[in-house]
Amino acid sequence: MKLSPSINDLIEALRCLPGVGPKSAQRMTLHLLERDRQGAETLSGALSQALERVGRCKSCRNFTELELCELCSDPRRDHTLLCVVEAPGDVMALEQTASFRGLYFVLMGHLSPIDGIGPEDIGLDRLEERFRSEAIREVILATNPTVEGEATAFYIAQRAQQEDIAVSRIAHGVPLGGELEYLDASTLAHALSGRTPLPGESSK
Amino acid sequence: MANELEPAWLLHRRNYGDSGFLVDILGLNSGRISAVVKGGRRKARGGSYAGVLQPFTPLLVATSGRGELKTLSRLELAGASIDLAGERVFSGFYLNELLVRLLPKFVSCPTLFALYGGTIDALVVTEAELDLRKFELMLLEELGYGLRFDTDANNDPIEAASAYLYDPTAGFLPRAFGLEGAWKKEGRLQGDQLLNMADWLFNGDGLDGSNRQSLKDLTRLALQLQLGDRPLNSRKLLKAFRWREEPSKNPVQHAPRDE
């Protein structure tokens, strides 16, 4: 069946979304046109507004409409604690834990020489500048536990130590509610090597 | 060979589609292959492959498909992943980048495969400088550009007292071949250095510091011809990393071209 060009364009455009194939794109298009024109208008407004306004925070590189994002400008947060993550989604995940009160730095990727991604491409020059210009006490490296993530963490750790900043790496290990039997060997090995003494034990 | 498990190393992985990976693998029998891992990032059935498909992890893989791009049909862990600490992981990336850039696909090279594993193992405990050199030499050999340390470009034996110039396309040119004054410093070696390198490679003799450096320059020169104008990113990364530790060696200022 030949569809009108506008409909086709919309179907094609929707396919850029993750998890959306031709069939779901078609469903979405027809839904928007048939049943929810109001919603479609809101969507298109929100989309163009976000594209126009949202940029990167000059301090943490996360997405924001402001020059300095809400997190970076919040005086109640601990400005001496910096957590380095790979993606904006990681910030959201960490914020949900509500147990971190410091600031973030979003790399938007990790070091990957084969892909041609070097230190500048993930903003490490900007990060080093922050190491030098701000009173950071501790850097928490929360890059992903992949080989590239570890390499990135190592690279940043060296830089931070040169500026006499304490560096820590998030722990890797057994997920809550997980079962040891079904865990892969390397995770289990990490969990073992990164074991922590029980409270009270260490004081003996 | 299809559907039979073979030992393999992951060289490179990137996301493909919504839930898959596109991987470059060095297999014992199949050589370097590119394959799609369908649903590799999906968590649902039996856990995702993301944790297993990591560089420097011994794998067992089986691929299917007739085209150039294979499909990974089975994947198993063949051992614990090798933990390259600190800077040495960059050397590991260097090996992977060399292979992805230079090794042609579907060429079985069991010796190189074994040497790759050995070099990764060596990197766990040391800088493995000479292991890296051996690997580079073996790769050049596979590519048909191997270095002969005991004979010159005319197939005459290397003489200890003579000077030679290394030309990546021809080999070691003896002094009589050109005007010595016009020789660049790059690639210029003494016969006894070359003989020392031959002894190291074939008899396992030691190699002193200056000869190590010469050998490094030599393999670089040889690889440069293969790599063309695009420099290796992992080498750039390592340089950028080291530069901060030794500011005198700023690569940006006096070596804009990767040697």
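Basis of the calculations
- Residues numbered from 1 in each chain as written.
- Chains lettered and ligands numbered in written order.
- Predicted model: local features only at pLDDT ≥ 70, side-chain atom pairs only at ≥ 80, totals over all residues.
- Heavy atoms only, no water.
- Helix = DSSP H or I, 4+ residues; strand = E, 2+ residues; numbered from the N terminus.
- Rg over C-alpha atoms; globule rule 2.2 N^0.38 Å.
- Buried < 20%, exposed > 50% of the residue type's maximum accessible area, 1.4 Å probe, protein only.
- Contact = heavy atoms within 4.5 Å.
- Areas by Shrake-Rupley, 256 points an atom, 1.4 Å probe, with all protein chains shown as cover.
- Axes fitted to C-alpha atoms, helices over the stretch in contact; angles between N-to-C directions.
- Parallel < 35°, antiparallel > 145°, perpendicular 65-115°, else oblique.
- Nonpolar A, V, L, I, M, F, W, Y, C, P; charged D, E, K, R; others polar.
- Salt bridge = Lys/Arg side-chain N within 4 Å of Asp/Glu carboxyl O.
- Left-handed = near helix turned anticlockwise from the far one by under 90°.
- Pairing = 2+ DSSP bridges.
- Core = buried A, V, L, I, M, F, W, Y, C linked by side-chain atoms within 4.5 Å.
- Domains from an automatic or database assignment.
- Lys, Arg positive; Asp, Glu negative; His and termini not counted.
- Polar contact = N/O pair within 3.5 Å; in protein donor to acceptor, adjacent residues only side chain to side chain.

**Q** Looking at this model, I keep getting lost on the overall build of chain A. Mind explaining?
**A** Looking only at helices and strands, chain A features 8 helices and 6 strands. Going residue by residue from the N terminus, the α and β elements of chain A occur as α-α-α-β-β-α-β-α-β-α-β-α-β-α. Relative to the compact-globule value of 17 Å for 204 residues, chain A shows a C-alpha radius of gyration of 22 Å, a clear excess of over 25%. Going through the 204 residues of chain A one by one, you find that 32% of them count as buried. Within chain A, contacts between residues separated by at least 24 positions form 50% of all contacts whose residues are at least 6 apart in sequence. Put simply, chain A shows about 12,700 Å² of open surface, and 55% of that area lies on carbon and sulfur atoms.

**Q** Help me understand the packing of helix α4 (residues 191-203) of chain B against helix α5 (residues 209-227) of chain B, please; the structure alone is not making it clear to me.
**A** Packed helix pairs are characterised by how far apart their axes lie and by the angle those axes make with each other. Residues and elements named next belong to chain B. At a closest axis distance of 10 Å, the pairing of α4 and α5 adopts a crossing angle of 85 degrees. Here α4 lies roughly perpendicular to α5, going by the angle between them. For the pair α4 and α5, the contacting residues are Q193, L194, N196, M197 and W200 in the first and N211, S214, L215 and L218 in the second. Across the contact of α4 with α5, the residue classes tally to 5 nonpolar, 4 polar and no charged.

**Q** Can you walk me through the pattern of salt bridges in this structure?
**A** When the charged atoms of two side chains with opposite charge come close together, those side chains can pair. Residue and element names in this part refer to chain B. Going through the model one piece at a time under the given rule, you end up with 18 salt bridges over all chains. One salt bridge connects R133 with E136, and the closest N-O pair in it is separated by 2.7 Å. Separated by 3 residues within a single helix, R133 and E136 lie in helix α3 (residues 129-143), roughly one turn from each other. With respect to burial, R133 and E136 carry one shared label: buried. Here R148 and E141 are joined by a salt bridge, their closest N and O atoms 3.1 Å apart. Since its relative accessible area comes to 43%, R148 is described here as partly exposed. Residue classification places E141 among the partly exposed residues on the basis of a relative accessible area of 38%. When salt bridges that share partners are traced, they join E129, R133, E136 and R212 into one network.

**Q** It is not clear to me how the packing of helix α6 (residues 124-133) of chain A against helix α7 (residues 147-162) of chain A should be interpreted in this structure. Could you clarify?
**A** Residues and elements named next belong to chain A. At a closest axis distance of 10 Å, the pairing of α6 and α7 adopts a crossing angle of 30 degrees. In terms of orientation, α6 and α7 fall into the roughly parallel class. The hand of the α6/α7 crossing is right-handed. Residue-level contacts link L124, L127, E128 and F131 of α6 to Y155, I156, R159 and A160 of α7. Within the contact of α6 with α7, the residues separate by chemical class into 6 nonpolar, no polar and 2 charged.

**Q** I would appreciate a short explanation of the sheet that holds strand β3 (residues 31-37) of chain B in the present structure.
**A** Note: strands within a sheet are paired through backbone hydrogen bonds, in either parallel or antiparallel orientation. All names here are of chain B. Taken together, the 5 strands give a closed barrel; going around it, the order is β1-β2-β3-β5-β4, and neighbouring strands pair in mixed fashion. Neighbour-to-neighbour, the strand axes of the sheet open up by a mean angle of 50 degrees, direction not taken into account. Two elements, strand β2 (residues 20-27) and β3, share 7 bridges in a ladder whose sense is antiparallel. Residue pairing across strands places I25 opposite I33, the latter belonging to β3. This element, helix α1 (residues 88-102), spans β1 (6-16), β2 and β3 of the sheet and lies at about 85 degrees to β1. On top of the sheet, helix α2 (residues 110-125) reaches β1 and β2; it is set at about 75 degrees to β1, its chief contact.

**Q** Quick question: what am I supposed to make of the nonpolar core here?
**A** One broad trend across soluble globular proteins is that nonpolar side chains are buried collectively. Residues and elements named next belong to chain B. Membership of the largest hydrophobic core comes to 75 residues, with the highest contact counts inside it found for F90, Y116, F149 and F172. With 9 residues, α1 is the largest single contributor of residues to this core. Mapping this core onto the domain boundaries places at least three of its residues in each of domain 1 (6-77) and domain 2 (88-239). Those residues in contact with F149, other than ones at most four positions away along the chain, are L137, I158, F172, L194, L195, M197, A198, L201, L215 and L218. Of all hydrophobic cores here, the second largest spans 14 residues; its members include V52, L53, V61 and L72.

**Q** Help me understand the side chain of E86 of chain A, please; the structure alone is not making it clear to me.
**A** Residue and element names in this part refer to chain A. Tracing the sequence through the fold places E86 in the loop between β3 (78-85) and α5 (88-97). In this structure E86 is buried but unpaired, with R169 as the nearest side chain of opposite charge at 6.7 Å. Polar contacts involving the side chain of E86 include one to the side chain of H110, which spans 3.1 Å. Residues within four places of E86 in sequence aside, it is in contact with V106, L107, M108, G109, H110, T143, N144 and G149.

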